[in-house]
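An overview of the molecular structure
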Amino acid sequence: MVRGRISRLSVRDVRFPTSLGGHGADAMHTDPDYSAAYVVIETDAEDGIKGCGITFTLGKGTEVVVCAVNALAHHVLNKDLKDIVGDFRGFYRQLTSDGQLRWDPRMLVSCIDFRYITDVLTEEDALEKQMLAQGYPAYTTSCAWLGYSDDTLKQLCAQALKDGWTRFKVKVGADLQDDMRRCQIIRDMIGPEKTLMMDANQRWDVPEAVEWMSKLAKFKPLWIEEPTSPDDILGHATISKALVPLGIGIATGEQCHNRVIFKQLLQAKALQFLQIDSCRLGSVNENLSVLLMAKKFEIPVCPHAGGVGLCELVQHLIIFDYISVSASLENRVCEYVDHLHEHFKYPVMIQRASYMPPKDPGYSTEMKEESVKKHQYPDGEVWKKLLPAQEN
């Protein structure tokens, strides 16, 4: 029984200096500091229950997200929880359709809004869609960031194999000869039977993507992720058509910010693997509509994760997809990055290279207060030490 009125909303800028170790580096983002705008909502019910949410960024972008949260706060404060739960869709539309802030800062709550996508998915379609002791298959990106040396790549890859990983992703796109060398190293390490994926992080033009991947095809990648601008739907379709004869699929969606972009990617047959991002889409609502469209088009959902708390968030979505939408694990796999989970109160559980279903209630977004205080920007202990050193 939900009760109470939202009486307090706080947002904090939390940043982790991951750039110091090269963690997260790719062809487009060479020095990311994994960060998050961390939101906590409390009510006047005095039951101690809080709502926690995060939006993942790469550092300075957190400042923009914090401003956006504060700008939208008036839509949330003083709302009665019964009114929100009684009309999730209406509340969602209120948040995303502010007449003076309509720039798509989708951040809260659930229930599907079918506007703009009824040409491919209606409420009637959705109603037709309908355990997991072995876990949900995962792949690792932790071994092969562009910022890692060859020795580090080999060391991490060897450890991942020892831990039972069978699916690996390597970052590519900055330098072709470097990509060839690194892909050869990782393919030699994992052998021909293990699965290899590649990720260009939007680095290439359309012809460049086709040419580059034609040369990397010898390493037998399952997919190339984000080969070009995430907004270029027809460009992805062109690349997809060119790479099909090489046995290489297109995976994209990490940067897609609403259901309409996904609708068009699906209609254009521009991808073979659909990658939702639990923070980029910004709500359970928007993610559910995309899961249902993917089911209708028979495209497997293989979510993006990593960053700050993305694995914690997306585990709920993939298990919902398996139980209630796709009812299949065929060609489905979810990204896992072994960074920063220790800062969460209910961290994701990985066993046998698979996500295990969470046992705690909620969306697994609550961070440890000591971690938030230590990494809050710019006044936390970590940044008080780092900022003066960076200025010098």
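Here, every reference points to the structure presented above.
Nothing here was measured: the structure is a model prediction, and the numbers come from that model.

What about the side chain of glutamate 226?
- Relative to the helices and strands, glutamate 226 is located in the loop between β7 (221-225) and α8 (233-243).
- There is no salt bridge for the buried glutamate 226, and the closest opposite charge comes from lysine 171, which lies 6.7 Å off by N-O distance.
- Those residues in contact with glutamate 226 that lie beyond four places of it in its chain are Asp199, Ala200, Asn201, Gln202, Arg203, His236, Ala251, Thr252, Glu254 and Gln255.

A few points about the pattern of salt bridges
- Scanning the model with the defined rule gives 19 salt bridges in all.
- In this structure, glutamate 366 and lysine 50 form a salt bridge, with 3.9 Å as the shortest nitrogen-oxygen distance.
- Relative accessible area serves as the criterion here: at 18%, glutamate 366 is assigned to the buried category.
- Salt bridges sharing common partners tie together Lys169, Lys171, Asp199, Glu225 and Glu335.

Considering the environment of valine 333
- Take valine 333: it is sitting in the loop between α11 (310-326) and β10 (334-336).
- Classification of valine 333 by relative accessible area gives buried; the value is 5%.
- Distance from valine 333 to glutamine 275, taken between C-alpha atoms, is 10.0 Å for residues 58 residues apart in sequence.

Comments concerning helix α13 (residues 381-391)
- Among all positions in α13, only Val382, Trp383, Leu386 and Leu387 are buried. Along α13, the residues classed as buried sweep out an arc of 105 degrees about the axis, all on the same side. Residues of α13 that are exposed and point more than 90 degrees away from the buried face comprise Lys384 and Lys385.

Overview of helix α6 (residues 176-190)
- The first and last C-alpha atoms of α6 sit 21 Å apart over 15 residues, in line with the 21 Å expected at 1.5 Å per residue.
- Within the span of α6, buried status applies to Leu176, Asp179, Arg182, Cys183, Ile185, Ile186, Arg187 and Ile190.
- The secondary structure elements touched by the buried residues of α6 are α5 (150-162), β5 (167-171), β6 (195-199) and α7 (206-216).
- At the N-terminal boundary of α6, the capping side chain belongs to aspartate 175, with an oxygen 3.2 Å from the backbone nitrogen of glutamine 177.

Some points on the pairing of β6
- In terms of burial, β6 is largely enclosed, as four of its five residues are buried.
- Judged from the five bridges that link them, β5 and β6 form a sheet pairing that is parallel. Across the sheet, arginine 167 pairs through a bridge with threonine 195, a residue of β6.
- In this fold, β5 hands off to α6, which returns the chain to β6; that crossover is right-handed.
- When β6 meets β7, the two strands line up parallel, connected through three bridges. Bridge pairing in β7 places leucine 196 opposite proline 221.

What counts and what doesn't
Residues numbered from 1 in each chain as written. Predicted model: local features only at pLDDT ≥ 70, side-chain atom pairs only at ≥ 80, totals over all residues. Heavy atoms only, no water. Helix = DSSP H or I, 4+ residues; strand = E, 2+ residues; numbered from the N terminus. Buried < 20%, exposed > 50% of the residue type's maximum accessible area, 1.4 Å probe, protein only. Lys, Arg positive; Asp, Glu negative; His and termini not counted. Salt bridge = Lys/Arg side-chain N within 4 Å of Asp/Glu carboxyl O. Contact = heavy atoms within 4.5 Å. Arc of directions from axis to C-beta. Expected span 1.5 Å × (residues − 1). Polar contact = N/O pair within 3.5 Å; in protein donor to acceptor, adjacent residues only side chain to side chain. Pairing = 2+ DSSP bridges. Right-handed = clockwise from strand over helix to strand, strands pointing away.

Treat this as a map of the structure, not an account of what it does.
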